[in-house]
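# Structure at a glance
Each chain is listed here by its residues.
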Amino acid sequence: MKIYIDGKFYDKDDAKISVFDHGVLYGDGIFEGIRAYNGRIFRLDDHLKRLAESANAILLKLPLPVKEIEKAILETVQLNGLRDAYIRLVVTRGVGDLGLDMRKCKAGATLFIIADRIELYPEEFYEKGLTVITSTIRQKGLDQVTPGVKSLNYLANILARAEATAAGAQEAILLNATGHVSECSGDNIFYIKDGKIFTPPTSAGILVGVTRNVVMELCEKKLGVKVIERNFPRYDLYGADEVFLTGTGAEVIAAVKIDGRIIGKGAAGATTKTLIKHFRDYANSAEAGTPVYEAVKAK
Ligand code: PXG
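### Details of the packing of helix α6 (residues 210–222) against helix α8 (residues 270–283)
Interhelical geometry of α6 versus α8 gives an angle of 110° and a closest axis separation of 10 Å. One finds that α6 runs roughly perpendicular with respect to α8. Residue-level inspection shows T211, V214, V215, L218, C219 and K222 of α6 in contact with α8, the latter providing L275, H278, F279 and Y282. Classifying every residue of the contact of α6 with α8 by side-chain character gives seven nonpolar, two polar and one charged.

### Some points on the packing of aromatic side chains
Applying the stated criterion across every chain yields a total of 10 aromatic pairs. Residues Y37 and F42 carry aromatic rings whose centres are separated by 5.6 Å and whose planes lie at 70° to one another, so their mutual orientation is edge-to-face. Neither Y37 nor F42 differs from the other in exposure class; each is buried. Centre to centre, the rings of F190 and F244 are 4.8 Å apart; their planes meet at 10°, and the pair counts as stacked. Taken as a pair, F190 in strand β10 (residues 188–193) and F244 in strand β13 (residues 242–247) lie far apart in primary sequence, 54 residues in all. With respect to burial, F190 and F244 carry one shared label: buried. Taken together, the aromatic side chains of Y37, F42, F279 and Y282 make up a single cluster linked through ring pairs. A cation over an aromatic ring shows up here: R261 above the ring of Y238, its NZ or CZ 4.1 Å from the ring centre. Residue placement shows R280 over the ring face of Y126; its charged tip is 4.6 Å from the ring centre.

Each value, and the rule that gives it
- Residues numbered from 1 in each chain as written.
- Predicted model: local features only at pLDDT ≥ 70, side-chain atom pairs only at ≥ 80, totals over all residues.
- Heavy atoms only, no water.
- Axes fitted to C-alpha atoms, helices over the stretch in contact; angles between N-to-C directions.
- Helix = DSSP H or I, 4+ residues; strand = E, 2+ residues; numbered from the N terminus.
- Parallel < 35°, antiparallel > 145°, perpendicular 65-115°, else oblique.
- Contact = heavy atoms within 4.5 Å.
- Nonpolar A, V, L, I, M, F, W, Y, C, P; charged D, E, K, R; others polar.
- Phe/Tyr/Trp six-rings, centres within 6.5 Å; stacked < 30°, edge-to-face > 60°.
- Buried < 20%, exposed > 50% of the residue type's maximum accessible area, 1.4 Å probe, protein only.
- Lys NZ or Arg CZ within 6 Å of the ring centre and 35° of its normal.

Function-wise, these values are silent; they only describe arrangement.
Structure follows, in structure tokens:
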């Protein structure tokens, strides 16, 4: 495996950054989790746009123009010979001193890119669905560093996921300060009731998922249903016909048990299954991604 760090490629064991990097010392940085399907990087422009917005929000100057970052991503995937991949892109504040002052990070931001094979939920989970719990951990408020910034501070999400694991569940829902559902530790959430599809609005405190946006487009184009963005309590999930989660790793996947309540028929529902199919068809189509290899480009 070859890992990109600031313009150079390193073997896995040699891919290291400084202990004085503020990404390590303070979680001061941002990241993106991106997927490649069949030699094309899925919605790369969306990920790069979110990265640039996150950087701007935390006063971080990206070390390269976005177009150059795109080139570095393509090169990393190419060099590792991957067609289906999970790509982790991280931008840290860079090397500073032991204080909080970002002006001390004089050398500027560090960018590293890892491209690896993806670890997916086993296929059976797409039929039988996930077990989910509500975490005791609250979503960060909008007056804090907004959850819309994909920052390196993922402790709340990690601890929420640990609560899920301890409860024998795969995902955890985070409620926000007003008790409304925001999102899961690594996925956005939707529910279906009487033919209508709902998801929390950005004002609930969510990461605006690339997958979430694609699924909203697919609901409109393929199902003829416009997703309604509104705040709702977790009780609406308990009474839903179907609940599903979206994320780069999970794609579209049903949640069939939430806090011990069985949702719908207790397995992936018809609409969720239809969406899983539409999503996979789209993800593997030429229009969904930026080609990595010349042979694909020529097609
Ligand atoms: N909310 C949160 C908090 C996320 O971290 C999503 C929603 C979905 O966004 P995308 O753009 O992926 O549709 C995410 C992203 C993992 C893992 O290992 C998951 C994410 C990020 C990093 C790792 O499960 N999900």
